[in-house]
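Structural characterization, general
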Amino acid sequence: MQLKDKVAIVTGGARGIGRVIALGLASKGADIAVVDVNLKEAEKTVQEIQALGRAAFSLEMDVTDYIKVEEGINKILDKFKKVDILVNNAGITKDSLLLRMSDSDWDVVLKVNLKGTFNCTKAVSRQMIKQRSGKIINIASIIGIIGNPGQANYSASKAGIIALTKTAAKELALRNINVNAIAPGFIQTEMTAKLSLELREKMMSAIPLKRFGNPEDVSAVCLFLASEDANYITGQTIIVDGGMVMV
Ligand code: NDP
């Protein structure tokens, strides 16, 4: 029970990696606010957390809207009185080659992935500064490090998250707040299920450990970064990709 009675917010916690992170944090003793645009699915995650014996509630919140984010964080504070852990996980893709990429596909991916991470970090760090403690974990991607054809918007958003992580870590360090990122490789979720067989085979050939990742691989690192064992780590991006990218 490394995280006993800690309070965590997980954005995009309704499904995929966010859902597994929320369950993982709860299994270590944390109470969870599951934040998502998909309230119906978020409620299912909440029920799974409650079955583990922890408190949880779902909140319909679009991370792109700062006013809504602030309102949402206030609701969470009314209920749980504090926030110890924020996992900025909500993210989307809208892939196409650069020359064919529409303005709206560029804007919406930057808005959800990068601005959403900024909005939640800003709103939650106000509270963490008062508490003089906190852990913020941003879900980036290896694509933000190496780039990927067809993902100009996504790669830029994830590179932005890595840079934001470093700046926030430097600004918040004196208040005892750690800010780190995780850069997953190919993780099996609904987001990657839509990729073609050809692309999946190409990806597999580049993975030294010869398997796709699962959300639990990402969650394990997130639980570590959220714990006191990671107190001396800040501003870092931990790659979880079976060895695809070695820096
Ligand atoms: P999923 O698409 O399975 O889940 C993402 C969740 O975020 C969904 O519940 C989605 O709701 C929600 N969401 C989308 N937009 C918003 C928003 N504006 N506000 C709040 N919630 C929102 O994705 P994954 O689990 O695969 O990915 C999770 C994170 O991990 C993302 O940041 C992704 O970029 C990153 N990642 C994933 C990798 C992978 O291989 N899967 C690899 C590297 C990084 P809804 O579906 O209703 O829109």
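See the structure above.
Described in the following lines is the structure provided in the data block.

Cut-off values and rules
- Residues numbered from 1 in each chain as written.
- Predicted model: local features only at pLDDT ≥ 70, side-chain atom pairs only at ≥ 80, totals over all residues.
- Heavy atoms only, no water.
- Helix = DSSP H or I, 4+ residues; strand = E, 2+ residues; numbered from the N terminus.
- Buried < 20%, exposed > 50% of the residue type's maximum accessible area, 1.4 Å probe, protein only.
- Contact = heavy atoms within 4.5 Å.
- Areas by Shrake-Rupley, 256 points an atom, 1.4 Å probe, with all protein chains shown as cover.
- Salt bridge = Lys/Arg side-chain N within 4 Å of Asp/Glu carboxyl O.
- Expected span 1.5 Å × (residues − 1).
- Near = heavy atom within 4 Å.
- Polar contact = N/O pair within 3.5 Å; in protein donor to acceptor, adjacent residues only side chain to side chain.
- 1 Å grid on protein atoms, 1.4 Å probe; cavity = no way out; pocket = protein on both sides within 12 Å on 5 of 7 lines; lining within 4 Å.
- Sits in = over half its atoms within 2 Å of the grid points.
- Nonpolar A, V, L, I, M, F, W, Y, C, P; charged D, E, K, R; others polar.
- Core = buried A, V, L, I, M, F, W, Y, C linked by side-chain atoms within 4.5 Å.

**Considering the overall build of the chain**
On a plain count of helices and strands, the chain comes out with 9 helices and 7 strands. With the C-alpha coordinates of the chain rotated into their principal frame, the extents come out at 50 × 40 × 35 Å. By the burial criterion, 51% of the 247 residues in the chain qualify as buried. Considering only contacts within the chain whose residues lie at least 6 apart along the sequence, 72% involve residues at least 24 apart. Element-wise, carbon and sulfur atoms account for 54% of the exposed surface of the chain, whose accessible area totals about 11900 Å².

**So, the pattern of salt bridges**
As a working rule, side chains carrying opposite charge can pair if their charged atoms are close by. Per the counting criterion, the structure on display carries 10 salt bridges. Across the pair aspartate 5 and arginine 54 runs a salt bridge whose closest N-O atoms are separated by 3.0 Å. Placement of the pair is aspartate 5 in the segment before strand E1 (7-11) and arginine 54 in the loop between helix H2 (39-51) and strand E3 (56-60), with a sequence separation of 49 residues. Residue classification places aspartate 5 among the partly exposed positions, given a relative accessible area of 42%. Notably, a salt bridge pairs glutamate 48 with arginine 19, separated by 2.8 Å at the nearest N-O pair. Taken together, the residues span a long stretch of sequence, with glutamate 48 in helix H2 and arginine 19 in helix H1 (residues 16-27) at a distance of 29 residues. Residue classification places arginine 19 among the partly exposed positions, given a relative accessible area of 27%.

**A word on H1**
The α-helix advances 3.6 residues per turn, and as a result positions three or four apart in sequence lie on the same side. The end-to-end C-alpha distance of H1, which contains 12 residues, comes to 17 Å, matching closely the 16 Å that a straight helix rising 1.5 Å per residue would cover. Counting buried residues in H1 gives 9 out of 12 residues, a clear majority hidden from the surface. Taken as a whole, H1 has its buried residues at Ile17, Gly18, Val20, Ile21, Ala22, Leu23, Gly24, Leu25 and Ala26. Buried residues belonging to H1 abut E1, strand E2 (31-36), H2, strand E4 (85-88), strand E5 (134-139) and helix H9 (215-226). Phi turns positive, to about 105°, at glycine 29, one or two residues after H1.

**As for the site of the ligand**
Neighbouring the ligand are 28 residues; Arg15, Asn89, Tyr154, Ile187 and Thr189 lie closest to it. Taking valine 63, its main chain carries an N or O atom lying 3.2 Å from a nitrogen atom of the ligand. Glycine 185 is positioned with one of its backbone polar atoms (N or O) 3.4 Å from an oxygen atom of the ligand. Burial of the ligand by the protein chains amounts to 90% of its free accessible area of 890 Å². Among the cavities detected, the one that contains the ligand is the largest pocket. Where the shell around the ligand is concerned, the elements lending two or more residues are H1, helix H6 (152-172) and helix H7 (190-193). Residues of the shell around the ligand, tallied by class, amount to 15 nonpolar, 9 polar and 4 charged.

**What to know about the environment of asparagine 38**
Note on placement: asparagine 38 falls in the loop between E2 and H2. A relative accessible area of 30% means that asparagine 38 is categorised as partly exposed. Expressed as a C-alpha distance, the spacing of asparagine 38 and aspartate 62, which sit 24 residues apart in the sequence, is 9.3 Å.

**Examining the nonpolar core**
Ile21, Leu25, Ile32 and Ile182 are the most contacted members of the largest nonpolar core, which totals 31 residues. Mapped onto this core, the elements with two or more residues apiece are E1, H1, E2, H2, E4, E5 and H9. Contact partners of isoleucine 182, with chain neighbours within four places excluded, come to Ile137, Asn138, Ile139, Ala140, Ser141, Val218, Val221, Cys222, Leu225, Ile238 and Val240. Counting 28 residues, the second largest nonpolar core, distinct from the first, contains Ile9, Leu59, Val112 and Met128.

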